[in-house]
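# A closer look at the structure
Residues per chain are reported as follows:
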Amino acid sequence: MADLNVFVDGTWLLVQCGAGGSLANSTDTPDRRFPLDFSRLNSALLEHVRVNWQCDGIGECYISTSIFTLPHGFDDWPTQYVDITQEQVEKAKKAVAAREAFVRSAARAGYKQDAVFRPPIRDYIIRKLADRKYQEKQVDTSVVALLVKAAITKAGDFHAVVTGDSDILPAVRVAYPEFTKNVFVTTTHPDELNARHRQTAFSLVEFQFDVPPFYMQNKENAVQIIEGNHAYRCEECGLVFSQPRPVPARQRPRCRNHRPARVAP
Ligand SMILES: [Zn+2]
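Not measured: the values here are computed from a predicted model. (Residues numbered from 1 in each chain as written. Predicted model: local features only at pLDDT ≥ 70, side-chain atom pairs only at ≥ 80, totals over all residues. Heavy atoms only, no water.)

Here we come to the coordination of the zinc ion. At the metal site, the zinc ion is ligated by Cys234 (SG), Cys237 (SG), Cys255 (SG) and His258 (ND1), and these contacts range over 2.1 to 2.3 Å. Metal-centred angles of 104 to 113° between the four donor atoms at the zinc ion mark the site as tetrahedral. For the zinc ion, the single-chain donor residues occur in sequence as C-x2-C-x17-C-x2-H. Of the two residues, Cys234 is situated in the loop between β7 (231-233) and β8 (240-242) and His258 in the segment after β8; the sequence distance between them amounts to 24 residues. We classify His258 as partly exposed; its relative accessible area is 32%. (Donors = N, O, S within 2.8 Å, 3.2 Å for Na, K, Ca; no water. Tetrahedral: all angles 85-135°; square planar, octahedral: opposite > 155°, others 65-115°. Helix = DSSP H or I, 4+ residues; strand = E, 2+ residues; numbered from the N terminus. Buried < 20%, exposed > 50% of the residue type's maximum accessible area, 1.4 Å probe, protein only.)

Written as structure tokens, this is what we have:
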């Protein structure tokens, strides 16, 4: 029996889902958040492995990120600190809410939160955020540690790491290929990235894992991981969209840009 374990760098993945991110750009509404369905992501990854290997089901799943804990009285900070604005407070609250919602949706699909950290926010952090000087660690080392542990203790399983950061590679080399050859990356294709990140992303996808990378933003993959029971690719442009009702059997799926204008009755 071999299972597929999934390790998600949640901070990175949330950026890909955000408006203008690589996943949002695969849809006909690039200015909106990509509604990722973690259960469908797991199914798509399982299918990806099953093309060439025997894999029975989903094993352990972890998501990592850090979410600021906002203190009681956070709303009063603009009156307490002369250089903290109401706008900064609202922005921090919005960012926390977005991450909480993201982690909740992962939890509904069975993801464990052992690698979700909730440090208290501090006034100096608000100032750094405002100056864009706050450096968030790209990958939480904890999720990489969980991956390496699983790769060593469950060598017969498969292990997907969802990230765009090649900083995971030194840690992964501890387990690969000595203990297991069943590790693979789930990422976005480096061609999608700006020059600054492309180099590191190429070292990630060019690492010779036996299982090929799964590129989430490829439209044939994005359509498999978007929320909703009726997800399609536009027959004209290939962009992904999801709608509450199925496309009628006699019609072809068309995105909002290629749908014929409705004639008023
Ligand atoms: Zn289209």
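Of all seven residues in strand β1 (residues 3-9), six are buried, a share of seventy percent or more. Note: β1 against strand β2 (residues 57-66), six bridges, orientation parallel. By the bridge assignment for β2, Phe7 is matched with Tyr62. (Pairing = 2+ DSSP bridges.)

Next up on the list: the sheet that holds strand β5 (residues 183-187). Strand order in the open sheet made by the six strands is β3-β2-β1-β4-β5-β6, with parallel pairing throughout. Lying at the two open borders of the sheet, with one neighbouring strand each, are β3 (116-117) and β6 (214-215). Bridging between β1 and strand β4 (residues 158-162) involves five bridges; their strand directions are parallel. Bridge pairing in β4 places Leu4 opposite Phe158. Against the sheet, helix α4 (residues 86-108) engages β2 and β3, with an angle of about 170° to β2. (Contact = heavy atoms within 4.5 Å. Axes fitted to C-alpha atoms, helices over the stretch in contact; angles between N-to-C directions.)

Glancing now at the side chain of Asn42. Here Asn42 lies in helix α2 (residues 38-50). With near-sequence residues (within four places) excluded, Asn42 lies in contact with Leu4, Val6, Ile58, Cys61, Ala109 and Tyr111.

Domain annotation of the chain identifies domain 1 (3-227) and domain 2 (228-265). Spacing between the C-alpha centres of domain 1 and domain 2 amounts to 29 Å. Contact residues are listed per partner, giving 13 residues for domain 1 and 13 residues for domain 2. Summed over both partners, the interface of domain 1 with domain 2 buries about 1,000 Å², with 59% contributed by carbon and sulfur atoms. Taken as a group, Asp28, Lys219 and Val223 account for 53% of the area that domain 1 buries against domain 2, more than any other trio of residues on that side. (Domains from an automatic or database assignment. Buried area = accessible area lost by both parts, 1.4 Å probe.)

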